[in-house]
Amino acid sequence: MKGGCGRRTLGEKREREKPMQATQAGKLDAVRKLKKIQALFVDDCRIQRVVLKTRRKMSWRPTYRSSKFRNVYGKVANREHFFEGIPITKNVHDNHFCAVNAKFLAIVTESAGGGTFVVIPVTQFGRIDPHYPKVCGHQGNVLDIKWNPFHDNIIASCSEDASVRIWEIPDGGLRRNLTESVLELYGHSRRVGLIEWHPTTSGILFSAGYDYKILIWNLEIGEPVKMIDCHTDVILCMSFNTEGSLLATSCKDKKLRVIEPRSGNVLQEANFKNHKVSRVVFLGNMKRLLTTGVSRWNTRQIALWDQEDLSMPIIEEEIDGLSGLLFPFYDADTHMLYLAGKGDGNIRYYEITLEKPYLQYLMEFRSPAPQKGLGVMPKHGLDVGACEVFRFYKLVTLKGLIEPISMIVPRRSETYQEDIYPMTSGTEPALSADEWLSGINRGPVLMSLKEGYNRPNKLVFKAPVKEKKGGVVNGIDLLENVPPRTENELLRMFFRQQEELRRLKDELTQRDIKIRQLELELNNIRNSPNINNNNNSSSNGSSI
């Protein structure tokens, strides 16, 4: 009985434990299901995070698609609007050899003996006469030309003869060769390769020579007022910020510098080994610099810099593997950057933003004809009715022609488009030379292209009357006749002495002619009958 009772008792225990085990198994299943749900929820959260990250990374795409400049295209002018028959210079100096304003187009030409450039009204299309008048006052090849931004008739030029000259072009263009300049500026000991006008000040010109120096000229007195001597090699490029308070330079020593021009102090300097700087441009008021150059693997690339920190570029982007120099052009009104390669016919254009990815590629204009240089029309000279936002004048040396290329925003409406034509830099200076030299900074005087682009400029350029200073001994200026150190200096001195000899010979011949005329007049006076009668009467009176 006890054993039987014991067996019943054990069975009863087992029967009692079965529902308990079932409830525990149910609890375990519920826990497992809950864990699965939690895992699925975590996976969903991870997926959502990944999607959000990808959306943030690709957030520039909608901005790019909504840009009003994404459909900008390049349009070549009709053949009848080309300038043909121009002997464009074959000089290999890395410059544009072309300058444009609302009135004139200036191109450096090939010449034997001395440097020349031709000035043509922008409305005088077609083939140019081979004997068209030229500006031919330099004794060496002309290396750079720039129009005064505030006076459409004033142009500056620099040359291998180590001089900078200011010329005044009459309205309507030249009718005969122009040999006498308004100002001749001598201060460099070697050839001058670059010139730049100050963007907001009238009468201030910067010149960079192969003596590694930058001279600041005050054209109101015709003298240099400051010399910037911080470069160790040839200066390749100069660029100003909007108000002209900072100067950025690129140099052959592969360094990028930001300089305060009035004091000559170097504020920032970059020597980045992975990017050899060749050209630099300020990006308006964005406090950014853009440089073009070559990478360590000799591929063309561009780099974006913060002007207050040049330790590292913000971004770098490789363009292609060609060897030609990349010229950057920036439009501060549309924030568009144009890159044109020397020796190829392509012009790439980008939109610049302050947020990532900073550079947004828009499109590329392609042409089979290689370009030697490019001139850029100022904003007040563009065709606003055709929605033209930029215009190049492309130099094609092989064909001897200048080809206008317009960058156009396609719009259906024929009304004035205010969103693509904001207030832009005008044709009036914001400061005088003395005000800027005293330390005043001021932004450009803005104008509207809707009403003010045809407004005439009343600014008149007055050349100073310079008194020649120097120690003159026996008719020799000791300051000018310094022994030459290079072949170019020797040639410059030779040409200058030849010009001085010609001037002296002309002066002697003029004086000889004047002496002969005076002698003839004296003989006529002596042989005149009135004088003889007076003499006879006086002698008769004395005898009486």
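Before reading further, recall that the structure is shown in the block above.
Chains are numbered independently. Their residues run from 1 in the order of the written sequence. Note on the predicted model: pLDDT of at least 70 is required for a residue's local features to be given, and 80 or more for side-chain atom pairs to be given and counted; whole-chain, interface and lining totals, by contrast, use all residues. To obtain the side-chain values, all non-hydrogen atoms of the structure were included, while hydrogens and water were left out.

(A) Region of interest: the overall build of the protein. In this description a helix means any DSSP run of H or I spanning at least four residues, a strand means any run of E spanning at least two, and both kinds are numbered starting from the N terminus. Within the protein one finds five helices and 34 strands. Looking at the protein as shown, the accessible area adds up to about 30,400 Å², and 52% of this sits on carbon and sulfur atoms. Exposure was quantified through the Shrake-Rupley algorithm and a 1.4 Å probe, taking into account, for residues, occlusion by the shown protein chains and nothing else.

(B) Geometry of the sheet that holds strand β18 (residues 256-260). Any two strands are treated as partners once DSSP identifies two or more bridges connecting them. Taking strand neighbours across the sheet as the criterion, the four strands line up as β16-β17-β18-β19 in an open arrangement whose pairing is antiparallel. Looking along the sheet, the strands with just one partner apiece sit at the ends: β16 (235-240) and β19 (265-270). Strand-to-strand twist in this sheet, taken as the mean axis angle between neighbours without regard to direction, amounts to 20°. Relative to β19, β18 runs antiparallel, the two being bridged by five bridges. Within the sheet, the bridge partner assigned to Ile259 lies in β19 and is Val266. Interaxial angles span 0 to 180 degrees and are taken between N-to-C directions of axes, which are lines fitted to C-alpha atoms, for helices over the stretch in contact.

(C) Seen up close, the nonpolar core. Take the buried Ala, Val, Leu, Ile, Met, Phe, Trp, Tyr and Cys residues and link them wherever side-chain atoms come within 4.5 Å; each set so joined is a nonpolar core. Residue burial is assigned from relative accessible area. The probe radius is 1.4 Å, only protein chains are included, and a residue is buried under 20% of its type maximum, exposed over 50%, and partly exposed in between. Counting residues in hydrophobic clusters, the biggest one holds 33 residues, and the most contacted among them are Ile86, Leu105, Ile107, Phe117, Ile169 and Ile402. When contributions to this core are tallied by element, the ones reaching two or more residues are β3 (98-100), β4 (104-109), β5 (115-121), β8 (142-147) and β29 (388-396). Counting residues per element, this core draws most heavily on β4, which supplies five residues. The contacts of Ile86, once residues within four sequence positions are left out, are Ile107, Thr109, Val118, Ile120, Ile128, Gly400 and Ile402. In this structure, Phe365, Val389, Val409 and Tyr416 belong to the second largest nonpolar core, which totals 25 residues. Residue contacts follow a heavy-atom distance rule, with two residues in contact if any of their heavy atoms lie within 4.5 Å.

(D) Geometry of the environment of Leu105. Of note, Leu105 is situated in strand β4. Using a relative accessible area of 0% as the deciding quantity, one classes Leu105 as buried. As a C-alpha pair, Leu105 and Ile402 span 297 residues in sequence and 9.7 Å in three-dimensional space. Among all residues touching Leu105, those that are not within four sequence positions of it are Phe83, Cys98, Ala99, Val100, Val118, Val119, Ile120, Val122, Tyr393 and Ile402.

(E) Just the pattern of salt bridges, in detail. Any carboxyl oxygen of Asp or Glu within 4 Å of a side-chain nitrogen of Lys or Arg constitutes a salt bridge here. Taken as a whole and judged by the stated rule, the model has 24 salt bridges. Among the salt bridges present, the one from Arg257 reaches Asp253, with a minimum N-O distance of 2.8 Å. Classification of Asp253 as buried rests on a relative accessible area of 17%. Note that Asp419 is salt-bridged to Arg411, the shortest N-O span being 2.9 Å. According to the relative accessible area criterion, Asp419 is partly exposed, its value standing at 41%. For Arg411, a relative accessible area of 29% translates into the label partly exposed. In this structure, a network of salt bridges that share partners links the residues Arg300, Asp320, Asp344, Arg348, Glu364 and Arg366.

(F) Fine view of the sheet that holds β4. Here four strands make up an open sheet; going across it, the order is β3-β4-β5-β7 and the pairing antiparallel. The two strands at the open ends of the sheet, each matched to only one other strand, are β3 and β7 (135-138). Within this sheet the neighbouring strands show an average axis-to-axis angle of 20°, counted without direction. Sheet topology places β3 next to β4; three bridges connect them, and they run antiparallel. Across the sheet, Val100 pairs through a bridge with Leu105, a residue of β4.

(G) Structural detail: the side chain of Arg288. Examined against the element boundaries, Arg288 turns out to sit in strand β21 (residues 288-295). It is Asp306 that comes nearest to the buried, bridge-free Arg288 among opposite-charge side chains, at 4.1 Å. In this structure Arg288 touches Val281, Phe282, Leu283, Leu304, Trp305, Asp306, Gln307, Ile314 and Leu354, once residues within four positions along its chain are discounted. Charged-residue counts in this description rest on Lys and Arg as positive and Asp and Glu as negative, His and the chain ends being excluded.

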